[in-house]
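Each chain, letter by letter, is given below.
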Amino acid sequence: MKISYNWLKEYIDVKETPEQLGDILTQTGLEVEGIEKVEKIPGGLEGIVVGEVMSCEPHPNADKLKVTKVDIGASELSDIVCGAPNVAKGQKVLVATVNSTIYPTNGEPFKIKKAKIRGEVSEGMICAEDELGLGTSHDGIMVLDTDKTNGTPAIELFETGEDHIFEIGLTPNRGDAASHLGTARDLKAYFRKELTPPTPKDFEVKEDHPITVDVENFERCPRFSGITIRGLEVKDSPDWLQWKLRALGLEPINNIVDITNYVLHSLGQPMHAYDAAHVKGNHIIVKTLKDKTPFTTLEGKERKLSNDDLMVCNGDGEGMCMAGVLGGLKSGVTEKTTDIFLESAYWNPDGIRSTAQRHSISTDASFRYERGADPEMTVPAIKLATSLILELAGGHVASEIVDIYPQPIKPKEIEMAFRNFHWLIGKELNHKLILEILNWLDIKTENVTKEGFKAIVPAYRSDVTRPADLVEEVLRIYGFNEVELDEDFSADYLAEFNEHEPYRVQEDFSKFLAGRGFSEIMTNSLTNPQYYKKFPIGEGTPVEMLNPSSEELTIMKTSPVYTALESVAYNINRRNPNLKFFEFGRSYKKENKEYKETEWLSFYLTGNTTEANWLDEPRKTSFHDLSTTVMGMLKYAGIRKTEILPSEKGTLYEYGVVIKKEGNMLGILGELKRELLTLYGIKQDVFHAQLDWDTVVSLYKSDIAYEPIPKFPEVKRDLSLVLDKNISYADIQRLAFGQEKKLLNRMNLFSVYEGDKIEKGKKAYAISFFLQDKFKTLTDKQIDKSMNALMSLYEKELGAIIRK
């Protein structure tokens, strides 16, 4: 959810910087995940000046280009090649000077350089409005009507501004905060300052064919408010309104639709404007329609309705809007609209959620209704929107406000004891402070005694239903950080615990990997079904959610890769390309009508091994870096004598290997397929490994045995083996340690060659063998005997050609 810093300041007087305010919002329970600076005019038109075209001649080498001389207030005229068809002598224009950066409406910013275009020097650029981010037109350059002197900064001609947008990770229970008013309410309690919400202007009613309303299902529509406005003009919104919406990432449409979006983001009340010409019979009916009834929504898609979908219909019973979810194609406001009916309703959250999920629709309106809107906000929203429409679109109010609310929703009453605050917070709070905080949160308190009180919770706080919720409300405003922890606090165990419990092993591995520069990630168990559809991973079928929170989180992940790659892409897109991640996560599947889940330890390496520095050139991460980490970790865990085999070509890896222990699958590692990475926009290689966590824990050994450094020296002998290409280094290792169990200490592969100097279909391994006897010095005779035995074995078993 996006919240504007400037917009918030219209509701409450705050002096804090955006960063400081972001910290305060996070402390109060509205977690700020990021703060983005936005500019009304991207780049602030820095380096753009007013110029005057002093001459304009055809380009000698290009039919569609002109060579101009432009006065930009410098000591000499600037030569600029221009391709616009409307450029002419005597025009006042906007010029992007050399070394300035322009920010097009569509496309990436780019820097203006002195250049030669078809042999002619060009020292700048005469700009169209879309090239400066001032609009969308590219019909020609902007021709100014101004008496500003040449060289005047362009910024003086345009109203500029900047804002900071908070990206808030709104939890499902805080639907009350899904607006600037809702967010400001928390700040009101934190700062103990009153709010200054927008005040609508009074308006007169001139009865003129008012539209009437009937509601057939009050359980699904507890409250319906609306008003008829006639004689208005649909046009572009004023600059201030367009800027407010664009700052939040919304594209302005027209003044009527923009006003409904403004009210939604201001007060949290979704609204819908109907073209009154399509409200047949000047009558609206809120009801359900027959199953499979076709209905075309705003985006032009025909949907088959369920007989459980609540609809807003006209007098002929034709559907105009999926109530609280999405409007219809025919009844929406267009440039030809002159009369409207403005709807502001409170819909049952369960019904909205069912309809939205049934049709896979997620809108700003359904987002708020699903979480519980404020039933008392329908009429104030109508008044604010009507006031703005009369101001920005003209017309007159043709009806009184329709307000159908047969059974008003009453505030909740909660009996509360003061002792509960101490029990749950762990700190004794002053009773007066508790009551003060609750009152500033619009929670009234009655029947106050030394022992407790009655709390009256407003209807818009649907998440506050029990005493523990009241404690949480007080604590988030008082401050979690204000609850001191005694230095003498400690914990102990009353029973013996298994040191190999998974959480202990996990903690041990986490420390090991963190010490090697890895960062732990924790990702969602739910994932986007499109990932699985385009690139299925895992056996079985995905587990689908019966009641998903959004269209993008409808299945449980069949592989940890799906969500982890989102973290990889997120970091790369923010110029953090050198990554070493690990994650303890699970995969889920449905197989033979049973639900199964598997826990994995996963690794992700990409980018360079180190940042560039004066001493070393950066080196790209390789498969070897991944395998070294994984095998080193297994060795640290006491899991030795593993078998490494090439993996069969599958869907996940370009290439990879399988790790086995005593015939059991331990894990797999490889380079992720380019096709998968493309789904996330990742252009660099990503190396991945995953270990079966239950198997790792079962094999884990925490006891480390220490021994003194051997007194007797280690001996190294090198061999070069020419073998068939299908023979792996793992095969060579397995034979060596099987043959020479006593003296062979370790092996090291230091070269692999494939080329025209050896037979086709062959490859050469250069390997060092390290021999050692812990109790005596090896003699040449013993060394030769061991090496001859190994060479004979390789010739016999692998058909090796020995190059000594």
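Given the structure is predicted, the values throughout are model-derived calculations rather than measurements.

(A) Quick look at the overall build of the chain. Looking only at helices and strands, the chain has 19 helices and 42 strands in total. By its C-alpha atoms, the chain is 115 × 90 × 60 Å across when sized along the principal axes. Burial statistics for the chain: of 804 residues in total, 48% are counted as buried. Relative to all contacts within the chain whose residues are 6 or more apart in sequence, the contacts with residues 24 or more apart total 69%. Accessible surface, the chain as shown: approximately 42500 Å² in total, 48% of it carbon and sulfur. Charge-centre separation for the chain: the mean point of 99 positive side chains lies 7 Å from the mean point of 125 negative side chains.

(B) Spotlight on a positive patch on the surface. Taken together, the side chains of K635, R640, K641, K701 and K741 define a basic patch exposed on the protein surface. Tracing the sequence through the fold places K641 in the loop between α15 (623-636) and β35 (643-646).

(C) Here's a closer look at the packing of aromatic side chains. Scanning the entire structure with this criterion turns up 19 aromatic pairs. Relative to F453, the ring of F418 has its centre 5.3 Å away and its plane inclined at 50°; by these criteria the two rings are tilted. Of this pair, F418 sits in the loop between β26 (412-417) and α9 (419-425) while F453 sits in strand β28 (residues 452-457), placing them 35 residues apart in sequence. Given a relative accessible area of 2%, F453 falls into the buried group. Among the aromatic residues, those joined into a cluster by ring pairs are F509, F582, F584, W693 and Y700. Sitting above the plane of the Y460 ring, R185 keeps its charged end 3.8 Å from the centroid. In this arrangement the basic side chain of R516 is found over the ring face of F512, its NZ or CZ atom lying 3.6 Å from the centre.

(D) A look at helix α6 (residues 349-358). Turning to α6, its buried residues are P349, G351, I352, T355 and A356. For α6, the angular spread of buried residues about the axis comes to 160°, placing them on one side. Looking at the packing, one finds that the buried side of α6 touches β20 (310-314), β21 (319-322), β23 (340-346) and α7 (364-371). A positive phi of about 55° marks S360, the residue just after α6.

(E) Looking closely at the sheet that holds strand β32 (residues 555-556). Spatially, β30-β32-β31 is the arrangement adopted by the three strands of the open sheet, whose pairing is antiparallel. Every other strand in the sheet has two partners, leaving β30 (526-527) and β31 (543-544) as the edge strands with one partner each. The pairing of β31 with β32 spans two bridges and is antiparallel. Across the sheet, residue E544 finds its bridge partner in β32, namely I555.

(F) Layout of the environment of D625. The topology assignment puts D625 in helix α15. Along the primary structure D625 and F687 are separated by 62 residues, whereas in three dimensions their C-alpha atoms are 9.0 Å apart. When near neighbours in sequence (up to four residues on either side) are disregarded, D625 contacts L605, T609, R619 and K620. Polar side-chain contacts of D625 include one of 2.9 Å to the side chain of R619.

(G) Molecular detail of the packing of α6 against α7. Two elements in contact, α6 and α7, have axes separated by 7 Å at closest approach and are oriented at 140°. Here α7 runs oblique to α6, going by the angle between their axes. Remark: the crossing between α6 and α7 carries left-handed chirality. Across the interface between the two elements, P349, I352, R353 and A356 of α6 pack against S366, Y369 and E370 of α7. Of the residues that constitute the contact of α6 with α7, the class distribution is four nonpolar, one polar and two charged.

(H) Spatial organisation of the sheet that holds strand β36 (residues 653-661). As summarised here, the arrangement of the seven strands in space is β29-β33-β34-β38-β37-β36-β35, forming an open sheet in which the pairing is mixed. The outermost strands of the open sheet, each flanked by one partner alone, are β29 (519-520) and β35. Relative to strand β38 (residues 686-692), strand β34 (residues 594-606) runs antiparallel, the two being bridged by seven bridges. From the neighbouring strand, L605 faces β38, where its bridge partner is F687. Those strands touched by helix α12 (residues 502-514) are β29, β33 (579-591) and β34, and its axis lies near 145° from that of β33. Sheet strands in contact with helix α14 (residues 561-572) are β33, β34, β37 (664-672) and β38, and its direction is about 150° off that of β33.

(I) Summary view of the confidence of the model for the chain. Averaged over the chain, the pLDDT score is 91; the fraction of residues at 70 or greater is 98%. Per-residue pLDDT, averaged within each element of the chain, yields its smallest value for β35 (81) and its largest for strand β15 (residues 223-230) (97). Within the model, the stretch residues 490-495 combines pLDDT values under 50 with two contacts to residues more than four positions away or in other chains.

(J) Structural view of the pattern of salt bridges. A complete count under the given rule lists 42 salt bridges for this structure. Taking the shortest distance from any N to any O, the salt bridge between D442 and K188 comes out at 2.7 Å. Placement of D442 in the loop between α10 (431-440) and β27 (444-446) and of K188 in helix α3 (residues 180-191) is noted, with a sequence separation of 254 residues between them. Under the relative-accessibility criterion, D442 is labelled partly exposed at 27%. When its relative accessible area of 8% is taken as the criterion, K188 is described as buried.

(K) The arrangement of the nonpolar core in detail. Of all hydrophobic cores here, the largest spans 54 residues; its most connected members are F166, I256, V263, I340, L342 and I389. Looking at this core, the element that brings in the most residues is helix α8 (residues 378-393), giving eight residues. In this structure, F166 is in contact with M1, K2, I3, Y5, L8, P18, L21, G22, L25, V32, G34 and I35, ignoring residues within four places of it in sequence. In this structure, I211, F295, F341 and Y346 belong to the second largest nonpolar core, which totals 34 residues.

(L) Just the environment of F453, in detail. As a C-alpha pair, F453 and V696 span 243 residues in sequence and 55 Å in three-dimensional space. Here F453 is in contact with I414, E415, M416, F418, F421, L435, L438, T445, E446, N447 and V448, once residues within four sequence places are set aside.

(M) Region of interest: the pairing of strand β14 (residues 212-215). Alternating residues of β14 divide into V213 and V215, all buried, and T212 and D214, none buried. Inspection of the sheet shows β14 paired to strand β17 (residues 283-288) by four bridges, in the parallel sense. Opposite V213, over in β17, you have I284 as the bridge partner.

The rules behind these values
Residues numbered from 1 in each chain as written. Predicted model: local features only at pLDDT ≥ 70, side-chain atom pairs only at ≥ 80, totals over all residues. Heavy atoms only, no water. Helix = DSSP H or I, 4+ residues; strand = E, 2+ residues; numbered from the N terminus. Buried < 20%, exposed > 50% of the residue type's maximum accessible area, 1.4 Å probe, protein only. Contact = heavy atoms within 4.5 Å. Areas by Shrake-Rupley, 256 points an atom, 1.4 Å probe, with all protein chains shown as cover. Lys, Arg positive; Asp, Glu negative; His and termini not counted. Charge placed at Lys NZ, Arg CZ, Asp CG, Glu CD. Patch = residues over 30% accessible without salt bridge, like charges linked within 9 Å, V, L, I, M, F, W, Y side chains within 5 Å. Salt bridge = Lys/Arg side-chain N within 4 Å of Asp/Glu carboxyl O. Phe/Tyr/Trp six-rings, centres within 6.5 Å; stacked < 30°, edge-to-face > 60°. Lys NZ or Arg CZ within 6 Å of the ring centre and 35° of its normal. Arc of directions from axis to C-beta. Pairing = 2+ DSSP bridges. Polar contact = N/O pair within 3.5 Å; in protein donor to acceptor, adjacent residues only side chain to side chain. Axes fitted to C-alpha atoms, helices over the stretch in contact; angles between N-to-C directions. Parallel < 35°, antiparallel > 145°, perpendicular 65-115°, else oblique. Left-handed = near helix turned anticlockwise from the far one by under 90°. Nonpolar A, V, L, I, M, F, W, Y, C, P; charged D, E, K, R; others polar. pLDDT = per-residue confidence, 0-100. Core = buried A, V, L, I, M, F, W, Y, C linked by side-chain atoms within 4.5 Å.

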